[in-house]
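# Summary of the model geometry
Residue strings, one per chain:
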Amino acid sequence: MKLPALLCQALAVLIAAGPALSVSAETKWDMPTPYPASNFHTENIQKFATDVDVATGGRLKITVHANGALFKANEIKRAVLGGQAQLGEIILSGAANEDPLFALDTIPFLASSYPEARALWQASRARIEEKFARQGLKVLFSVPWPPQGIYSKVVLNSSAALKGVKIRSYSPTVARMIELMGAQPVTVQAAELSQALATGVVAANITSASTGYDSKSWEQLGYFFDVQAWLPKNVVIVNQEQFDSLDKPAREALLAAAAAAEVRGWKTSEEMTLWYVEQLKKNNMKVLPASAELHKDLAGIGDRMMKEWLQQAGADGQQIYDAYSKALNKPPGH
Ligand code: PCA
C-alpha cells in the first residue's frame, strides 16, 4: 500500500472514531442536595447517580453533595439556573413565592395520604414542569416526604396552645399556616434544624417523622402530633442547557434513571414512614394523633389556604383542582 492510501485509511478511521471519541469523554456534574446523606431522599439520589454512571459506562459522573454542603437549601435552585451546579434537589414549596403552583402540595389536608399525593402529582405535574421549563429547568423526578405533623414541647389540644410560639418553617406555605395558627414562623433549613432547636431559636417544628428523626428532635421536643396534614415533595431539576449538551444515549440514560428513582422514591417514602415513627417512639418521644379540636383548627386553616390558593392560581389552578377532584371521585379535603 502506498503512503497516501495509508494516510487516507488512517484519516477514515479517525473520522469514524470522531463521535465515539466525544462519546467516551467523561462529563462530571455536581449535584447539591439539602438533606443528610443518610436520609432516604439522598440515598435514592445516590442510587440515581450510580445508575447513570453504570448506564453511561462511566461517561456521566454525578457527584452528590448532601446536606446543603455545596449550596444551601435555598440557594440550590438559583445555582442550577445559573449553571454553577448542573442539577440539584429542592423542596417544591420552597419556591412558592415564585408561583402558586409550587405551593399546592403544602396546603393542609388537600392531599394527606400517599394515594392522594400521587393523584395530586398526576394532576399537577405537567403544569409544574411547564413552569420550570419556562425558567430553563427540566424536572427529572419528584419524591414526597412522609406526612407532616407538629413537634412540640407541650400537649396540643388545639392550635391555641401554640399562640405566639416560634415555630420552625421550611417554606412560605408552611409559614402562612403558622401565621394563621397565631404563632410565629421562623425559616430554618433542615441542615440547621438541630442547632436551631438546641439554641432555642424555635420551640416547635412542622415536618415529617423522617426529618424529626434526622434532627434528633426528641432531644428538645417531647411530643410529635402525627397530624398527617400534607406530603410535600422534593423535585430534582436539571439545567436544560446542560441536559441538551449531553449526547442522546446519556440523555436517555439520565431520563431512565430518573423515572426509576421516582418509582423507587415513592415506594421507599411510604414504606419507611412507619419505621421513622417507630424511631421517634424508641427515643421516648410521645407520638399522638391530632385531637379532634386540633384537627378542626388545622382543617379550617387548610380550607382558607385552599381558597387563597385558588384565587392566586387562577384558571390554571382551577383546572388542576378539578382534575384532582375528579381523580379522587370526591371533593378534596379532610
Ligand atoms: N422534611 C423537610 C421538608 C419536609 C420534611 O418532611 C424539612 O423539614 O425541611
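Worth saying up front: this structure is predicted, and the values here are computed from it rather than measured. (Residues numbered from 1 in each chain as written. Predicted model: local features only at pLDDT ≥ 70, side-chain atom pairs only at ≥ 80, totals over all residues. Heavy atoms only, no water.)

### Focus: the sheet that holds strand β3 (residues 87–91)
- Ordered in space as β3-β10-β4, the three strands form an open sheet in which the pairing is antiparallel. The strands lining the two open edges of the sheet, one partner per strand, are β3 and β4 (137–144). Here the average twist between neighbouring strands, direction ignored, is 25°.
- Of the pairings in the sheet, the one linking β4 to strand β10 (residues 233–239) comprises seven bridges and is antiparallel in character. Along β10, the bridge assignment pairs V139 with I237.
- Seen against the sheet, helix α4 (residues 114–135) touches β3, β4 and β10 and runs at an angle of roughly 165° to β4. (Pairing = 2+ DSSP bridges. Helix = DSSP H or I, 4+ residues; strand = E, 2+ residues; numbered from the N terminus. Axes fitted to C-alpha atoms, helices over the stretch in contact; angles between N-to-C directions. Contact = heavy atoms within 4.5 Å.)

### Let's talk about unusual backbone geometry
- For K216, which is not glycine, the phi dihedral falls at a positive 50°.
- Of the residues examined, K216 reaches a relative accessible area of 42% and is grouped as partly exposed.
- Positive phi values are uncommon outside glycine, yet Q228 reaches one of about 55°.
- As for its position among the elements, Q228 is in the loop between β9 (223–225) and β10. (Buried < 20%, exposed > 50% of the residue type's maximum accessible area, 1.4 Å probe, protein only.)

### Quick look at the sheet that holds strand β8 (residues 204–207)
- Within the open sheet, the six strands sit side by side as β7-β6-β8-β5-β9-β11. Their pairing is mixed. Looking at which strands have only one partner, the edges of the open sheet turn out to be β7 (184–187) and β11 (286–288). Between one strand axis and the next, the sheet turns through 25° on average, direction left out of account.
- Relative to the sheet, helix α5 (residues 172–180) contacts β6 (166–169), β7 and β8, its axis offset from that of β6 by approximately 160°.

### A short note on the site of the ligand
- Every residue close to the ligand is listed here: Y35, I91, W145, Q148, R168, Y170, A190, T207, S208, T211 and P232.
- Within the side chain of Q148, a nitrogen or oxygen atom sits 3.0 Å from an oxygen atom of the ligand.
- The contact in question runs from an oxygen atom of the ligand to an N or O atom on the side chain of S208, over 2.6 Å.
- Protein contact buries 99% of the 260 Å² of open area that the ligand shows by itself.
- Taken together, the residues of the shell around the ligand break down into six nonpolar, four polar and one charged. (Near = heavy atom within 4 Å. Polar contact = N/O pair within 3.5 Å; in protein donor to acceptor, adjacent residues only side chain to side chain. Areas by Shrake-Rupley, 256 points an atom, 1.4 Å probe, with all protein chains shown as cover. Nonpolar A, V, L, I, M, F, W, Y, C, P; charged D, E, K, R; others polar.)

### Focus: the pairing of strand β2 (residues 60–65)
- Only one face of β2 is covered, namely the face carrying L60, I62 and V64; the face carrying K61, T63 and H65 is uncovered.
- Running through helix α2 (residues 40–55), the crossover from strand β1 (residues 27–32) to the neighbouring parallel element β2 is right-handed. (Right-handed = clockwise from strand over helix to strand, strands pointing away.)

### Concerning empty space enclosed by the protein
- Applying the stated criterion across every chain yields a total of two cavities of 30 Å³ or more.
- Its boundaries defined by the atoms lining it, the largest cavity holds a volume of some 120 Å³.
- By residue class, the composition of the lining of the largest cavity is nine nonpolar, four polar and one charged.
- Here the second largest cavity is characterised by a volume of approximately 40 Å³.
- Together, H41, N44, I45, E89, F141, S142, V143, N234, V235 and V236 line the second largest cavity.
- Looking at the lining of the second largest cavity, the elements with two or more residues in it are α2, β4 and β10.
- When grouped by side-chain class, the residues that make up the lining of the second largest cavity number five nonpolar, four polar and one charged. (1 Å grid on protein atoms, 1.4 Å probe; cavity = no way out; pocket = protein on both sides within 12 Å on 5 of 7 lines; lining within 4 Å. Points joined across faces, edges and corners; volume = space filled by probe spheres on them.)

### Details of the packing of α2 against helix α9 (residues 248–282)
- With their axes 9 Å apart at the nearest point, α2 and α9 run at an angle of 155° to one another. With respect to each other, α2 and α9 are oriented roughly antiparallel. Of the two elements, α2 crosses α9, and the hand of that crossing is right-handed. Residues F40, N44, K47, F48, D51, V52 and A55 of α2 form the contact with α9, whose own contacting residues are A253, L254, A257, A258, A261, R264, G265, T268, S269, M272 and Y276.
- When the residues that make up the contact of α2 with α9 are grouped by side-chain class, the tally is eleven nonpolar, four polar and three charged. (Parallel < 35°, antiparallel > 145°, perpendicular 65-115°, else oblique. Left-handed = near helix turned anticlockwise from the far one by under 90°.)

### Observations regarding the pattern of salt bridges
- For the structure shown, the criterion picks out 22 salt bridges.
- For R127, the salt bridge goes to D316, with nearest N and O atoms at 2.5 Å. Residue R127 is found in helix α4, and its partner D316 is found in helix α10 (residues 292–328); the two are separated by 189 residues along the sequence.
- One salt bridge connects E308 with R176, and the closest N-O pair in it is separated by 2.7 Å. (Salt bridge = Lys/Arg side-chain N within 4 Å of Asp/Glu carboxyl O.)

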